[in-house]
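# Examination of the molecular architecture
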Amino acid sequence: MSPAKHIQYALIALTAVTLCFELSNLDLWIQGFFYNASSQHWLFQIDGNPWRHFFFYDAPKKLLLFFELALLVSLLFFRKAPLVQQYHRGLLIVLLALPLGPAAVSSLKGTTNVACPYALSEYGGKLPYLKLFESYPADKQPAKQQRCFPAGHASGGFALLALYYLPKSRRRRRQMLGIALTAGWAMGGYKMLLGHHFFSHTLVSMLLCWLVTNCIALLVTPTLGLTERGSLRTKASRVKLESLFEKTSQ
C-alpha cells in the first residue's frame, strides 16, 4: 500500500477516534481500572519504584536519542557503505520521523488545553473533566495551560512506526510495526497507569505519528507505491511466462 493510501486511512481513523471519545465516556471507564478510589492512588506511583520509572520513562528516551544519533552518523559519514546505500531511503524516513512525529504531538498539546487525569476532580484533583472541544467554566479555569493531549511520551515509541519503511518484504515490515507498537504502548501504557494520560491521548498519539511517518515517506519516496505494484506485476508476469514455457516444452 502506498504512503498516500496510508495517509487517507490515518485521517479517517483520527476522525473516527475523535468522534468516538467525544460522544462517549469511554476514557473515564478505561481509566477507572487504573485508579483506586478508596485509597485515592493510581496503580503505579513514580516514587514507588524508581527502577520501573527508569525502565519505562528515562531509558526509552535515552535509547531513542542514541538511535537517532546513530542514524544521523550513518547517513552522514557512512553513506557509501553498501548496507546504508541499500536502505538509504528507509533510514532517511526513520531519521526524519523520530523527531517530527513527537514534534507534531507536542505542538498539538500546546493548543488543546486538555488536563491530565490526575488533575481532574474524578481522581482527587480540582479540574472538571472536559471533552476535547469543550471549554472550562469561568469559575474553574486552570491556573496554567494544560498539556496532556495527545500523549507526548508515547509519541517517542510510536515514532518508530517509521521502521515500517526500512525492510523490503511485507513480513519484515509487519515485524517492524510490531516492535514500534510494543514500544509505543509500553511507554504510553505506563503513563496511563500513573494517571498522566487517558487511553484516547495515547491512541491519537499513535495515529498522528503514523500520519507524520507516511507524509515523510510520500515526500522521500513519492513513487514507492507505484514501484511496489510494478514489482508485484513483474513477478506475476515472470511466473506466468515460466509456467507457459514449461507447458510448451512438455
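Per chain, residues are indexed from 1 in the order of the written sequence. Owing to the predicted nature of the model, reporting of local features is limited to residues with pLDDT of at least 70; listing and counting of side-chain atom pairs is limited to 80 or more, with chain, interface and lining totals taken over all residues. Side-chain numbers here rest on the full set of heavy atoms in the structure, without hydrogens or water.

## Structural notes on the overall build of the chain
From N to C terminus, the chain includes nine helices and two strands. Mapped from its N terminus to its C terminus, the chain presents α and β elements in the order α-α-β-β-α-α-α-α-α-α-α. Taking all 250 residues of the chain together, 42% fall into the buried category. Sequence-distant contacts, at least 24 apart, represent 75% of the contacts inside the chain between residues at least 6 apart. Secondary structure elements follow DSSP: runs of H or I no shorter than four residues count as helices, runs of E no shorter than two count as strands, and numbering proceeds from the N terminus. Each residue is placed in one exposure class: buried if its accessible area under a 1.4 Å probe, protein chains only, is under 20% of its type's maximum, exposed if it is over 50%, and partly exposed if it falls in between. Residue contacts are defined here by distance: any two heavy atoms, one from each residue, within 4.5 Å place the two residues in contact.

## Some remarks on helix α7 (residues 170-193)
Its 24 residues place the ends of α7 34 Å apart at the C-alpha level, agreeing with the 34 Å of an ideal helix rising 1.5 Å per residue. Burial in α7 covers these residues: R173, M176, A180, G184, M187, G188, Y190, K191, M192 and L193. Backbone geometry just after α7 places G195 at a positive phi near 85 degrees. Here, expected helix span is obtained from the residue count minus one, scaled by 1.5 Å.

## Section: the state of the cysteines
A pair of sulfur atoms, both from cysteines and within 2.5 Å, is called a disulfide here. Enumeration according to the criterion identifies one disulfide in this entry. A sulfur-sulfur distance of 1.5 Å marks the disulfide that ties C116 to C148. Of this pair, C116 sits in the loop between α5 (88-112) and α6 (152-158) while C148 sits in the loop between α5 and α6, and the two are 32 residues apart along the sequence. Given the relative accessible area of 6%, C148 is considered buried.

## Overview of unusual backbone geometry
For the bond from F149 to P150, the omega torsion is -5 degrees, close enough to zero to count as cis. Residue Q40 is not a glycine yet carries a positive backbone phi of 55 degrees. With respect to the secondary-structure elements, Q40 resides in the loop between β1 (35-36) and β2 (41-42). Unlike most non-glycine residues, N113 shows phi in positive territory, near 55 degrees. Locating N113 in the fold gives a position in the loop between α5 and α6.

## Topic: the packing of aromatic side chains
Stacked, tilted and edge-to-face are the three classes applied to pairs of Phe, Tyr and Trp rings, where Trp contributes its six-membered ring and a pair requires centres within 6.5 Å; stacked means planes under 30 degrees apart, edge-to-face means over 60, and tilted covers the rest. Under the counting rule described, the total for this entry stands at 15 aromatic pairs. Aromatic pair W42 and Y123: ring centres 5.0 Å apart, planes at 45 degrees, arrangement tilted. You can see W42 sitting in strand β2 and its partner Y123 sitting in the loop between α5 and α6, a full 81 residues away along the chain. Here the two residues W42 and Y123 agree in accessibility, since each one is buried. The interplanar angle of 85 degrees and the centroid separation of 5.0 Å between the aromatic rings of F55 and F56 together place this pair among those described as edge-to-face.

## A look at helix α1 (residues 3-22)
In this model, α1 (20 residues) spans 28 Å end to end at C-alpha, consistent with the 28 Å of a helix rising 1.5 Å per residue. Among the residues of α1, those classed as buried are P3, H6, I7, A10, L14, V17, F21 and E22. For α1, the angular spread of the buried residues around the axis is 125 degrees, confining them to a single face. By arc we mean the arc of the directions from the helix axis to the C-beta atoms, nothing more.

## Examining the side chain of K109
Among the structural elements, K109 can be located in helix α5. For the purpose of counting charges, residues Lys and Arg are taken to be positive, whereas Asp and Glu are taken to be negative. His and the chain ends are not included. For salt bridges, the criterion is a side-chain nitrogen of Lys or Arg within 4 Å of an Asp or Glu carboxyl oxygen. Although K109 is buried, it forms no salt bridge, and the closest oppositely charged side chain is D27 at an N-O distance of 14 Å. In contact with K109, not counting residues within four places along its chain, are Q146, R147, C148, F149, P150, G152 and H197.

## Topic: a nonpolar patch on the surface
Only residues whose relative accessible area exceeds 30% and that take part in no salt bridge are eligible for patches, with like-charged residues grouped when within 9 Å of each other and nonpolar side chains (Val, Leu, Ile, Met, Phe, Trp, Tyr) grouped when within 5 Å. Residue burial considers only the protein chains on display, and all accessible areas are found by Shrake-Rupley using a 1.4 Å probe. The grouping of L65, L69, L72, V73, L76, F77 and F78 at the surface amounts to a nonpolar patch, some 690 Å² of accessible area in total. On the secondary structure map, F78 appears in the loop between α3 (50-77) and α4 (82-86).

## Looking at the confidence of the model for the chain
As a per-residue measure, pLDDT reflects the predictor's confidence and takes values from 0 up to 100. Across the chain, the average pLDDT comes to 90, with 89% of residues at or above 70. A low-confidence stretch, residues 229-234 stays under pLDDT 50, and its non-local contacts, those more than four residues away or across chains, total two contacts. Here residues 236-241 scores under 50 on pLDDT; set against residues more than four positions off or in separate chains, the count is zero contacts.

## Section: the environment of Q8
Among the secondary structure elements, Q8 is positioned in helix α1. By relative accessible area, Q8 is classed as partly exposed at 42%. Taking C-alpha positions, Q8 is 9.8 Å from N214, a pair spaced 206 residues apart along the chain.

## Details of a positive patch on the surface
A contiguous patch of positive charge, built from R170, R171, R172 and R174, is present on the exposed surface. By the element assignment, R172 lies in helix α7. Look at R172 and you get partly exposed, because its relative accessible area is 42%. By convention, the point assigned to a charge is CZ for Arg, NZ for Lys, CD for Glu and CG for Asp.

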